[in-house]
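The residues making up each chain are set out below.
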Amino acid sequence: MEPTTLTTERLVLRPFGPADTEALYVACQDPEIPRWTPVPSPYTREHAAAFVAQTCPDGWRDDRRYNFAVTAKDDGRLVGCMGLVRLELLRAPERQAELGYWTVKEARRRGYTAEAASAVTRWAFGELGVERLEWVAEAGNTGSRAVALKTGFRMEGTLRAKLVSNGTRRDMWAGSLLPSDLGLPSGTAYLPLAGS
């Protein structure tokens, strides 16, 4: 897929580029980002350079992951990263993807991540034909869970021992969002369990 740019009231979500390397490096020095995400720790400038020069463009080209730099519309500063991953499930009949994100420390608690997530989910449902969007996070990541809930995800439970982190198995929270949760149509009929 050709890289896409999305805009919201306060944000521009665009492909990462080489000019983002330093801001990305600085953001990922916050220990909370590698604590809750697969970002390497310690995070080096080389990691940032490889992410913007190789990982992101390769992901768009190969339809494996679509990463967006979440930037402030007013001054262009990086406020986070958002991506659709597990795109191998995007083709029929699954039509699924997973939403992941992190937010720069100074931009947290301002609603930026939920605003960006809403834009990406609507784009995924409308343009990509996603019929089930998933969210997972290590159990205890209350910030990520709050964003998912604000975006409309329904919590589905705890996946026991799903994540291996630093040699230890950890539980994960899981949720999903369907087009119908946002009043949007879906290409495949859904027959939920009676009474659920």
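(A) Representation of the overall build of the chain within the structure. A tally of helices and strands in the chain yields five helices and eight strands. Compactness check: the chain gives a C-alpha radius of gyration of 16 Å against a globular reference of 16 Å for 196 residues, within 12% of the reference. Principal-axis analysis of the C-alpha atoms places the extent of the chain at approximately 50 × 40 × 30 Å. Across the 196 residues in the chain, those meeting the buried criterion constitute 45%. Distance from the positive charge centre (25 side chains) to the negative charge centre (24 side chains) of the chain: 5 Å.

(B) Quick peek at the sheet that holds strand β5 (residues 96–103). Strand order in the open sheet made by the eight strands is β1-β2-β3-β4-β5-β6-β8-β7, with mixed pairing throughout. Every interior strand has two partners, whereas the edge strands, β1 (6–7) and β7 (154–165), have only one. Where strand β3 (residues 66–72) and strand β4 (residues 78–85) come together, six bridges link them in antiparallel fashion. The residue bridging Y66 from the neighbouring strand is L84, located in β4. Each of β3 and β4 is contacted by helix α3 (residues 45–62), which is oriented at about 125° to β3, the strand it contacts most. Sheet strands touched by helix α5 (residues 142–151): β5, β6 (132–138), β7 and β8 (168–177). Its angle to β6, the strand with the most contacts, is close to 160°.

(C) Up close: the packing of aromatic side chains. One pass over the structure, following the stated rule, counts six aromatic pairs. Centroid distance W60 to W123: 6.2 Å. Interplanar angle 50°. Geometry classified as tilted. Here W123 lies in helix α4 (residues 112–127) and W60 lies in helix α3, a separation of 63 residues in the sequence. By relative accessible area, W60 is classed as buried at 2%. For W123, a relative accessible area of 8% corresponds to the buried category. By way of ring pairs, the aromatic residues W60, Y66, F68 and W123 are connected into one cluster. Directly above the aromatic system of W36 lies the positively charged group of R35, at a separation of 3.9 Å from the ring centroid. One cation-aromatic arrangement involves R145 over W173; the distance from NZ or CZ to the ring centre is 4.6 Å.

(D) Spatial organisation of the packing of α4 against α5. Where α4 meets α5, the axes come as close as 9 Å, and the angle between the chain directions of the two elements is 50°. By the criterion of interaxial angle, the relationship of α4 to α5 is oblique. Both α4 and α5 take part in a crossing whose hand is right-handed. Every residue of α5 that contacts α4 at T113, A114, A117, S118 and T121 is listed here: V147, K150 and T151.

(E) Layout of α5. S144, V147, A148 and T151 are the residues of α5 that are buried. Buried positions in α5, seen along its axis, are confined to an arc of 100° and lie on one side of it. Relative to its buried face, α5 has exposed residues pointing more than 90 degrees away, namely T142 and K150. Packed against the buried residues of α5 are β5, α4, β6, β7 and β8. Looking one or two residues past α5, G152 carries a phi angle of roughly 115°, positive in sign.

Here is what the cut-offs are and how they apply
Residues numbered from 1 in each chain as written. Predicted model: local features only at pLDDT ≥ 70, side-chain atom pairs only at ≥ 80, totals over all residues. Heavy atoms only, no water. Helix = DSSP H or I, 4+ residues; strand = E, 2+ residues; numbered from the N terminus. Rg over C-alpha atoms; globule rule 2.2 N^0.38 Å. Buried < 20%, exposed > 50% of the residue type's maximum accessible area, 1.4 Å probe, protein only. Lys, Arg positive; Asp, Glu negative; His and termini not counted. Charge placed at Lys NZ, Arg CZ, Asp CG, Glu CD. Pairing = 2+ DSSP bridges. Contact = heavy atoms within 4.5 Å. Axes fitted to C-alpha atoms, helices over the stretch in contact; angles between N-to-C directions. Phe/Tyr/Trp six-rings, centres within 6.5 Å; stacked < 30°, edge-to-face > 60°. Lys NZ or Arg CZ within 6 Å of the ring centre and 35° of its normal. Parallel < 35°, antiparallel > 145°, perpendicular 65-115°, else oblique. Left-handed = near helix turned anticlockwise from the far one by under 90°. Arc of directions from axis to C-beta.

As far as function goes, none of this settles anything; it's purely spatial.
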